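# Reading the structure
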Amino acid sequence: MKYTTSFISSIKDIDSSQWQALARDAGPFLQYPFLAAMEACHCVGPETGWQPHHLSVCDGDKLVAVMPGYLKEDSYGEYVFDHGWAHAYDQHGLNYYPKWISAVPFTPVTGNRLLISPEYEERDILQVAVPALKALSEQGCSSSHILFSPYHNSKSWYEQGFARRYSVQFQWYNYGYQTFSDFTAALTSRKRKALRKSREKLEQAGVSLTRITGDALTSEHIEFFIRCYQQTYLKRSGHTGYLTPAFFRQIFSTMASNVVLVVAAQEQEPVASALFFYDDNGLYGRYWGAMKEVDGLHFETCYNQGIAFAVERGIPLFNPGTQGEHKILRGFEPTWCVSLHKLYDADFQHAVEQFLQQETPQIARYFQQAATVLPFNEAMQTTLKTTSTAVVTPDAATTKKRNDNEV
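A short tour of the structure in this document, coming up. Note that this is a predicted model, so its numbers are computed, not measured. (Residues numbered from 1 in each chain as written. Predicted model: local features only at pLDDT ≥ 70, side-chain atom pairs only at ≥ 80, totals over all residues. Heavy atoms only, no water.)

### What about the pairing of strand β15 (residues 333-343)?
Burial analysis of β15 places 10 of its 11 residues in the buried class, which makes it a mostly covered element. Taken together, the five bridges between strand β8 (residues 143-149) and β15 define a ladder with antiparallel strand orientation. Its bridge partner lying in β15, His-145 is registered against His-341. In the sheet, strand β9 (residues 163-173) pairs with β15 via nine bridges, with the strands oriented antiparallel. Among the inter-strand pairings, Arg-165 is bridged to a residue of β15, identified as Ser-339. (Buried < 20%, exposed > 50% of the residue type's maximum accessible area, 1.4 Å probe, protein only. Helix = DSSP H or I, 4+ residues; strand = E, 2+ residues; numbered from the N terminus. Pairing = 2+ DSSP bridges.)

Below, the structure written as structure tokens:
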């Protein structure tokens, strides 16, 4: 087979049905409607720091693989921090930007980045995809980066010369719970009591919560959420957020069956809301906002309501967003995240690999420390993914030969 590669400056130049065929089971953020809304509603594009530059692989006229990609002039909105690398380039009189990344903008959720037709082999696609990325260096790109890639997919890229970088997020797992009470029964008595008191306090304050999805979502719900989102960003960062109102309106229209909105009201007056995305394989908490401060409302809206929804729908995992050790005590277990990096200056690539050799043990210690303070009772400890099996940990990949036989 003879493959051809090209870079596409807008997802609208790819047939949506072809993209969707490749993105099946890839999660809500790799679906055509999500990425198309990002572009159409100016969340990415000129002046945003995210210029669409998607990699496509064709077998004749047939699209057989794609990678969502962007040319970046900065490192904002990525959640894998490489500002130090950019500074080092600058100190040596070199340009770190532009760089190319494969990621979902502003969305640090692990998922496949190279979407391949099931009729084709990954190793064959990589034989043309990797040189296509390398050719970007001839156009001034310093490097290629693949962010939040599944751990099991990272070996192939590692063998192609990409360095692996690890980080930790916190994720809730559904251990066959039938009710929210089943989940709380798995916690220590102290944590159950604290959770119960927190929910009772909200009830006494006149707070009620509603989960809304599908056709039940109204324009009033959507506009209230947008106000909450913008208010929170204004308070925290001094701007109204990276995502535009038009983006949210389009998403609520095109992906209504993949979003759930939690609305909190106090004395029947809406005061806060949180937006989640979901499919059969996962629930993902993304955006939150509040019009007033209510003690304990953030945790209930963003975490407890997400867990309750996942239990209700039989969803196997819940990713509540990046960062935040406070999630551990609410039943979220540490989980590994992987990013892959190829700098096209050989000396800098070597320097990054040395840096990662030093960083990885620190990340591993952080993971193990987090695992020791999980709030589950003793009977549940043997069931947890984090403690019941040999947890896949960052290995010595950065110090091994690239033709090793690691898992």
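### Examining the sheet that holds strand β12 (residues 269-279)
Strand order in the open sheet made by the 11 strands is β2-β5-β6-β8-β15-β9-β14-β13-β12-β11-β10, with mixed pairing throughout. Looking at which strands have only one partner, the edges of the open sheet turn out to be β2 (50-52) and β10 (207-213). Each adjacent strand pair in this sheet contributes to an overall mean axis angle of 30°, direction not counted. Across two bridges, the pairing between β9 and strand β14 (residues 317-319) is antiparallel. (Axes fitted to C-alpha atoms, helices over the stretch in contact; angles between N-to-C directions.)

### A short note on unusual backbone geometry
Geometrically, the link from Tyr-97 to Pro-98 is a cis peptide bond, its omega value of 5° lying close to zero. In this fold, Pro-98 is placed in the loop between α3 (83-91) and β6 (99-102). Despite not being glycine, Glu-47 has its phi angle at roughly 75°, a positive value. Along the chain, the position of Glu-47 falls in the loop between α2 (32-40) and β2. Notably, Phe-106 is not glycine yet its phi reads approximately 60°, a positive angle. Along the chain, Phe-106 turns up in the loop between β6 and β7 (115-116).

### Here we look at the pattern of salt bridges
With the rule as written, the count across this model stands at 14 salt bridges. Where Lys-72 meets Asp-74, a salt bridge forms, and the shortest distance between an N and an O atom there is 3.5 Å. The class for Lys-72 is buried, based on a relative accessible area of 0%. In this structure, the salt-bridge partner of Asp-82 is Lys-99, at a minimum N-O distance of 2.6 Å. Separated by 17 residues along the polypeptide, Asp-82 in the loop between β5 (70-72) and α3 and Lys-99 in strand β6 bring together distant segments of the chain. Three or more residues joined by partner-sharing salt bridges are found here, namely Lys-72, Asp-74, Glu-78, Asp-82 and Lys-99. (Salt bridge = Lys/Arg side-chain N within 4 Å of Asp/Glu carboxyl O.)

### Describing the pairing of strand β3 (residues 54-59)
Across the six residues that make up β3, a large majority, five, are buried. As paired strands, strand β1 (residues 3-8) and β3 are joined by six bridges and run antiparallel to one another. Paired with Ser-6 across the strands is Ser-56, a residue of β3. Here β3 pairs with strand β4 (residues 62-67) via five bridges, running antiparallel. Counterpart to Asp-59 in the pairing with β4 is Lys-62. Between β3 and β4, which pair antiparallel one after the other, the connecting turn spans two residues, and Gly-60 there sits at a positive phi close to 70°.

### Let's talk about the packing of aromatic side chains
Each aromatic ring pair is described using two quantities: the centre-to-centre distance and the angle formed by the ring planes. The final tally for this structure, using the stated rule, is 40 aromatic pairs. Between the aromatic rings of Phe-34 and Phe-247, the centroid separation amounts to 5.5 Å while the plane-to-plane angle is 90°, which identifies the pairing as edge-to-face. Of the two residues, Phe-34 is situated in helix α2 and Phe-247 in helix α9 (residues 245-254); the sequence distance between them amounts to 213 residues. According to the relative accessible area criterion, Phe-247 is buried, its value standing at 0%. Over the aromatic face of Tyr-151 sits the side chain of Arg-164, whose NZ or CZ is 5.9 Å from the ring centroid. (Phe/Tyr/Trp six-rings, centres within 6.5 Å; stacked < 30°, edge-to-face > 60°. Lys NZ or Arg CZ within 6 Å of the ring centre and 35° of its normal.)

### Remarks on helix α5 (residues 151-159)
For α5, every residue scored as buried is listed here: Tyr-151, Asn-153, Ser-154, Ser-156, Trp-157 and Tyr-158. Looking one or two places after α5, you find Gly-161, whose phi comes out positive at around 100°.

### Some points on the sheet that holds β1
As summarised here, the arrangement of the four strands in space is β1-β3-β4-β7, forming an open sheet in which the pairing is antiparallel. Two strands close off the open sheet at either side, each with one partner strand: β1 and β7. Against the sheet, helix α4 (residues 122-134) touches β1, β3, β4 and β7, its axis set at about 50° to β1. (Contact = heavy atoms within 4.5 Å.)

### Some points on the side chain of Thr-301
Checked against the element boundaries, Thr-301 lands in helix α10 (residues 297-313). Within the structure, Thr-301 has its side chain in polar contact with the backbone oxygen of Leu-297 (distance 2.8 Å). Excluding residues within four positions of it along the chain, Thr-301 makes contact with Leu-209, Val-262, Ala-264, Ser-273, Ala-274, Phe-276, Trp-288 and Gly-306. (Polar contact = N/O pair within 3.5 Å; in protein donor to acceptor, adjacent residues only side chain to side chain.)

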